[in-house]
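Observations on chain architecture
One-letter residues, chain by chain:
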Amino acid sequence: MDQSTLAAQCIDAALAIILEKEPELAQLDSVAGDGDHGAGMARGFRAAAAADRTGTAGQVIAKAGMAFSDAAGGASGALVGMYLMTLGGGLQGDVTTAIQVHSALVKAQDALMKLGKAKLGDKTMLDTLIPFTEAFGAQAGAGATIPAAWGGALDAGRAGMESTKDMVAARGRSAVLKERSLGTQDPGATSVYYVLRAVGEVLQRECP
Amino acid sequence: MDQSTLAAQCIDAALAIILEKEPELAQLDSVAGDGDHGAGMARGFRAAAAADRTGTAGQVIAKAGMAFSDAAGGASGALVGMYLMTLGGGLQGDVTTAIQVHSALVKAQDALMKLGKAKLGDKTMLDTLIPFTEAFGAQAGAGATIPAAWGGALDAGRAGMESTKDMVAARGRSAVLKERSLGTQDPGATSVYYVLRAVGEVLQRECP
Amino acid sequence: MTKVFNNPVDFKEQMIKGFTAAYSRYVERIPNAAGVMVKGGPTPGKVSVLIGGGSGHYPLFCGLVGKGFAHGAVIGDIFTSPSGEQCYRCGKALDGGAGVVFSYGNYSGDVMNFGMAEMRLEMEGIDVRQVLVTDDVASSADFDSRRGVAGDFFVFKVLGASAWRGDNLDTVEAMGRHANAMTRSFGVAFGGCTIPGQPQPLFTVAQDKMELGLGIHGEPGVETSDLRSASEIAGLLVDKVLSDVPAGAGSKAVVLVNGLGATKYEEMFVMYGDIHKRLAAAGIDLYKPVVGELATSLNMEGCGLTLMWLDSDLQALLDYPTETPAWTNV
Amino acid sequence: MTKVFNNPVDFKEQMIKGFTAAYSRYVERIPNAAGVMVKGGPTPGKVSVLIGGGSGHYPLFCGLVGKGFAHGAVIGDIFTSPSGEQCYRCGKALDGGAGVVFSYGNYSGDVMNFGMAEMRLEMEGIDVRQVLVTDDVASSADFDSRRGVAGDFFVFKVLGASAWRGDNLDTVEAMGRHANAMTRSFGVAFGGCTIPGQPQPLFTVAQDKMELGLGIHGEPGVETSDLRSASEIAGLLVDKVLSDVPAGAGSKAVVLVNGLGATKYEEMFVMYGDIHKRLAAAGIDLYKPVVGELATSLNMEGCGLTLMWLDSDLQALLDYPTETPAWTNV
Ligand SMILES: Nc1ncnc2c1ncn2[C@@H]1O[C@H](COP(=O)(O)OP(=O)(O)O)[C@@H](O)[C@H]1O
Ligand SMILES: Nc1ncnc2c1ncn2[C@@H]1O[C@H](COP(=O)(O)OP(=O)(O)O)[C@@H](O)[C@H]1O
Ligand SMILES: [Mg+2]
Ligand SMILES: [Mg+2]
Ligand SMILES: [Mg+2]
Ligand SMILES: [Mg+2]
């Protein structure tokens, strides 16, 4: 399978898991937010999956990101859209090593942080992303393949996601409600983990 | 006890029973009406009980009717107010016989019918009033005292009230809903019966 | 639920006090009466229009008092006609010497109470006319027996404009009757409202059902049906209203999609797209449509469609400038 | 419950279609964008004001587009900021050559998306300014971190009037910032709203409780308390708003009691009586109070109090004539 098809399959897998989890995400966002996270992520990935899929894997992801951003709207539309656009832009030409992927993941994460001005522990999607990307980097440094590094980093992402339960939101809509968000997992951290896991399954299956 | 005090006591008794039954009347009026019958009757009798109580029994009742009408508003405010005003006007001077009372009841009933243009069987308060007044007249004709005639006529009033359950409304707000009012006792027929019964108890107690 | 009140028994009086405090730039209290009138009172030598009914329908009735619209409103308790005494007092306060038109939705309580007030005023030499609004096609096959719902707005608007521009009593009355003859409404409900202080809504509707032909007093509809999509509801409303096009109607009509309180603007806009298309397809030239809350029923869930077919008279009166607490047009 | 919709996924687009069909006498669709603009588009040589945000808040945002008010509105999905792309397209369509002011409530999604649009437009040589509304005293002790609620209405009104009367970009921006600096709100909720297609409201409030410091996106409040009487709620709202009187405030203030959707007009009037008395007792000269629905949250039960303290600049702009679908003043 060529890399752009693989990228496209990852986007399809993300769409599938988000559609499946939409009610759960809506519910999580209604505790201290406005309940639209599930619908927004679904709109975003529907548009991403319908975007033009010509060009390199990086281009496919970047175009998906643009479509995502426009369709989803909201904080997560801007953030995830920016992330995907930067990720795509970071994946130049043929991508063969986990090191290459890690460098693109870091760039995308930096762009997201610059846009949203949040940091680790603020109870956002970054609490999934940052530990995932760090673990991915460690695996990549130790010479793991892309699917192996991805698969190996998921546990860190999951732990990060789960840690948001005990956090008080410092960014985004929920920040106003402070302690009210305690005890509930962050919707963005949750959706991002689901997407990472779904992408990991595609990589495992398609690049054995 | 003089007759105007007696009249005042009847109004107090009416107020007491309506306040007790207010939730039931509200509930009955909500089935095919607008739910305000309990509140309206309560407002009406509160005002009636607070009205000037000088003069003859007839004058006390007429003034209570004026106050009732103004405070209650709505269909029942106009109808019951008109009824009490006419009833008071019909009770001239010293009232000693049931025949005298019957003639005033008939006048009041006629005024109510003229104002509301309803007739027996239209599922209104008239379905309590008309049989009650007729039975009262029969007892009066047979020589009964006022309390005896009143007490003896109550069963006819109650039967009339209960008969409204099987009627389809032809007048008032509920008329629009037709069959939807079937099975529910008319709120106005119910409140009027409660008032007649409460007045009967006062008469029994005070004019033994 | 209705949650904001003090003692339910004082609800109406406190509401009038708050309303007149907020909108003293448009209205003033009618002394010793449950009513309000345009600031400065009636204009000597001109006809006045007195509207009224129970409360719980804001902006009906008091929100439509002001320049170019109604001269006054008599205010009953929640869903309860004002008493004959109050109608009398307000009618009397509003007479500028050229007569008063009473206008209200056709409910038996209102008919009796306004009727008694008319009798008293006529005895005092004040010329009173009555224009009853009977726009709800769901409520009866017989036009004159129908109740008044959101059509009140258009009929009052026409009456007010006619009086403010200086028409005589006969003309104002005739314009109002003509407006009513040209107005039709039909509504649906998805849930009942709660009278202040009551523990329960007046009626409930199952999640997957709706009521057809609702009133604006928390009465349930005349029929229950399955809940439909916005497009299907639009079709139903249009069909019902167009099933009874007034005799003599031209093609132009002003259109109102009215919310009853808890069915909100966005929902009504979604539905309005289909209503517009269907009315246009039926050959109707839609004039200045309005989507909003002009005749509510506390926090009832539901909405309705009202059309008033226009001729040049009615259109001119509809466009007559007004300034009131709830409605301003230039 | 939100009951009237077709496919929830198409809700926004169908709403925009219905809105523009109903109000084509005031607005037109911005081509290829989720937005509307005043009929005829921007005036060459004049500053334009673009407001926007998620939908579910009607008359915010699109209902306030028209002469004298906002030139355009960019429309997001229910409670969801419009995307950077849509903000960009609408901003671009609205530039009349003298620059564009973006104004919206301060929510992180809106800040990011309008921010990205600003960057793109500036790259194309269009001068863009941003006026964020931060009126909700409940949301933060830090003024600039507060979210925008019903204060949107006054800030937009001032911005629109300043632009329509021909002020330059610096002045329009300065007037808007000044309006925001002088505006404070606080709200309470009695029940949550339901997003179209969702089976449950976003939050529920026990019958005998209320939420203090609610948002207008169906977020619960910052604190739960026992349900109070109308008078006590009035006292609470006044106390909270007056706990943070802006520096430099004079004594005159325009007052809004805003309903969130399912708390109705009569309830708000009952409460308004006490609000008026308490504000007057605190030495405030109340200017043109409004009791109505100017910033809703679908069918949420709740209401809030907003004050904008006035000087002669703000008063003149507030009084500037407007004609929009949801607000007209002469
Ligand atoms: N500034 C931020 N930086 C990173 N993530 C954020 C930020 N603000 C919000 N988020 C994430 O976005 C999620 C909410 O997304 P969504 O509900 O779509 O946006 P909105 O708050 O506009 O309704 C949060 O759960 C959080 O993970
Ligand atoms: N035309 C009428 N004649 C006699 N009784 C009537 C008439 N219309 C209504 N009623 C009585 O009034 C009752 C309703 O009273 P109420 O709820 O106070 O008035 P409204 O219909 O104005 O809300 C009905 O149950 C019925 O008994
Ligand atoms: Mg959200
Ligand atoms: Mg009733
Ligand atoms: Mg009633
Ligand atoms: Mg959102």
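The rules we used
- Residues numbered from 1 in each chain as written.
- Chains lettered and ligands numbered in written order.
- Predicted model: local features only at pLDDT ≥ 70, side-chain atom pairs only at ≥ 80, totals over all residues.
- Heavy atoms only, no water.
- Contact = heavy atoms within 4.5 Å.
- Buried area = accessible area lost by both parts, 1.4 Å probe.
- Salt bridge = Lys/Arg side-chain N within 4 Å of Asp/Glu carboxyl O.
- Near = heavy atom within 4 Å.
- Polar contact = N/O pair within 3.5 Å; in protein donor to acceptor, adjacent residues only side chain to side chain.
- Helix = DSSP H or I, 4+ residues; strand = E, 2+ residues; numbered from the N terminus.
- Nonpolar A, V, L, I, M, F, W, Y, C, P; charged D, E, K, R; others polar.
- Domains from an automatic or database assignment.
- Phe/Tyr/Trp six-rings, centres within 6.5 Å; stacked < 30°, edge-to-face > 60°.
- Buried < 20%, exposed > 50% of the residue type's maximum accessible area, 1.4 Å probe, protein only.
- Donors = N, O, S within 2.8 Å, 3.2 Å for Na, K, Ca; no water.
- Areas by Shrake-Rupley, 256 points an atom, 1.4 Å probe, with all protein chains shown as cover.
- Least-squares fit on C-alpha atoms with pLDDT ≥ 70 in both.

This next bit is on the interface of chain D and chain A. Interfaces are frequently sized by the accessible area removed from exposure as the parts join. Facing 31 residues of chain D, the contacting portion of chain A comprises 26 residues. When chain D packs against chain A, the two sides together hide about 2,100 Å² of surface, and 54% of this comes from carbon and sulfur. Here chain D and chain A share one salt bridge between them. A salt bridge links D:Asp77 to A:Arg43; the shortest N-O distance between them is 3.1 Å.

Moving on, we come to the site of ligand 2. Residues and elements named next belong to chain B. Taken together, 21 residues are adjacent to ligand 2, and Asp34, Asp36, Ser76, Gly116 and Asp186 come closest. Here an oxygen atom of ligand 2 sits 2.8 Å away from a polar atom, N or O, in the side chain of Asp36. Within the backbone of Met125, one N or O atom sits 3.0 Å away from an oxygen atom of ligand 2. Looking at which element gives the most residues to the shell around ligand 2, the answer is helix α4 (residues 74–90), with four residues. Split by residue class, the shell around ligand 2 holds seven nonpolar, eight polar and six charged.

Now for the domain arrangement of chain C. Residue and element names in this part refer to chain C. Partitioning chain C into domains gives domain 1 (8–181) and domain 2 (183–316). Counting residues at the interface gives 30 residues for domain 1, matched by 35 residues for domain 2. Here domain 1 packs against domain 2, burying approximately 2,700 Å² in sum over the two surfaces, 67% of which is carbon and sulfur. Among the residues of domain 1 in contact with domain 2, Phe79, Val137 and Phe154 are the three that bury the most area, contributing 23% of the side total. Across the domain 1-domain 2 interface, the total number found is one salt bridge. Two residues, Asp244 and Arg146, come together in a salt bridge whose shortest N-O distance is 2.8 Å. For the pair domain 1 and domain 2, the number of links is 14 residue pairs in polar contact (both at pLDDT 80 or more). Contributing elements (two or more residues each) for the side of domain 1 that touches domain 2: α4 (152–164) and α5 (169–181). Tallying contributions element by element places α5 first for the side of domain 1 that touches domain 2, with five residues. Looking at the side of domain 1 that touches domain 2 residue by residue, the classes come out as 20 nonpolar, six polar and four charged.

The next subject is the packing of aromatic side chains. As enumerated under the stated definition, the model contains 36 aromatic pairs over all chains in all. Relative to D:Phe156, the ring of D:Phe61 lies with its centre 6.0 Å away and its plane at 45 degrees, an arrangement referred to as tilted. With D:Phe61 in the loop between β3 (48–55) and β4 (72–78) and D:Phe156 in helix α4 (residues 151–164), this residue pair connects regions lying 95 residues apart in the sequence. A single burial state applies to D:Phe61 and to D:Phe156, both of which are buried. An aromatic cluster is present here, built from C:Phe19, C:Tyr23, C:Tyr26, C:Tyr58, D:Tyr265 and D:Phe269 joined pairwise through their rings.

Before going further, it helps to spend a moment on the coordination of the magnesium ion (ligand 4). In a perfect tetrahedron of four donors around a metal, the angles come out at 109.5 degrees. In a perfect octahedron of six, they are 90 or 180 degrees. All names here are of chain B. Donor atoms from the polypeptide that bind the magnesium ion (ligand 4) are Asp29 (OD), Asp34 (OD) and Asp36 (OD), placed at 2.0 to 2.2 Å. One chain supplies every donor to the magnesium ion (ligand 4), and in sequence these donors are spaced D-x4-D-x1-D. The metal-metal distance between the magnesium ion (ligand 4) and the magnesium ion (ligand 5) is 3.5 Å, with Asp34 coordinating both. In terms of burial, Asp29 and Asp34 fall into one category: buried.

Let us look at the interface of chain D and chain C. Of the residues lining the interface, 53 residues belong to chain D; the matching set on chain C comes to 53 residues. Carbon and sulfur atoms make up 62% of the area that chain D and chain C hide from each other, which totals about 4,700 Å². Interface area lost by chain D to chain C is led by D:Lys3, D:Val4 and D:Glu266, which between them contribute 17%. Our count for the chain D to chain C interface comes out at 30 residue pairs in polar contact (both at pLDDT 80 or more). Secondary-structure elements contributing two or more residues to the side of chain D that touches chain C are α1 (11–22), α6 (230–242), α7 (265–281) and β11 (285–292) of chain D. A per-element tally of the side of chain D that touches chain C places α7(D) first, with ten residues. For the side of chain D that touches chain C, the per-class residue count stands at 26 nonpolar, 17 polar and ten charged.

Residue and element names in this part refer to chain A. Relative to the helices and strands, Gln109 resides in helix α5 (residues 98–116). Gln109 sits 83 residues away from Val192 along the chain, and the two C-alpha atoms are 12 Å apart. What Gln109 contacts, discounting residues up to four positions off in sequence, is Tyr83, Leu126, Leu129, Ile130 and Thr133.

Surrounding ligand 1, one finds 21 residues, the nearest of these being A:Asp36, A:Ser76, A:Gly116, A:Met125 and A:Asp186. More than one chain lines the surroundings of ligand 1; the residues nearby belong to chains A and D. In the environment of ligand 1, an oxygen atom lies 2.8 Å from a nitrogen or oxygen atom belonging to the side chain of A:Asp36. In the model, an oxygen atom of ligand 1 is placed 2.5 Å from a nitrogen or oxygen of the A:Asp186 side chain. Burial of ligand 1 by the protein amounts to 96% of the accessible area it has alone, namely 560 Å². Elements represented by at least two residues in the shell around ligand 1 include exactly α4 (74–90) and α8 (187–206) of chain A together with α3 (108–123) of chain D. The element best represented in the shell around ligand 1 is α4(A), accounting for four residues. Among the residues forming the shell around ligand 1, the class breakdown is seven nonpolar, eight polar and six charged.

Once that is clear, we can look at the relation of the copies chain D and chain C. Overlay of chain D on chain C (RMSD 0.0 Å): rotation 180 degrees, translation along the axis 0.0 Å. The transformation relating the two chain copies, once decomposed into turn and shift, fits a two-fold axis. Closest approach to the rotation axis among the C-alpha atoms of chain D is made by D:Ala262, whose C-alpha sits 2.5 Å away. Mapped onto chain C, 100% of the interface residues of chain D are again interface residues, and the two copies thus contact each other with one and the same surface.

This paragraph deals with the coordination of the magnesium ion (ligand 5). For the magnesium ion (ligand 5), the full set of protein donor atoms is B:Asp34 (OD), B:Asp36 (OD) and C:Phe79 (O), and the range of their distances to it is 2.1 to 2.2 Å. Judged by its relative accessible area of 12%, B:Asp36 is buried. Since its relative accessible area comes to 0%, C:Phe79 is described here as buried.

This next bit is on the pattern of salt bridges. The tally for this structure, following the rule as stated, stands at 50 salt bridges over all chains. Across the pair A:Asp12 and A:Arg53 runs a salt bridge whose closest N-O atoms are separated by 2.7 Å. With A:Asp12 in helix α1 (residues 3–32) and A:Arg53 in the loop between α2 (37–50) and α3 (57–72), this pair connects stretches of sequence that are 41 residues apart. A:Arg53 gets classed as partly exposed once you look at its relative accessible area, which sits at 29%. Linking C:Arg120 and C:Glu85 is a salt bridge whose minimum nitrogen-to-oxygen distance equals 2.9 Å. Here C:Glu85 lies in helix α2 (residues 84–94) and C:Arg120 lies in helix α3 (residues 108–123), a separation of 35 residues in the sequence.

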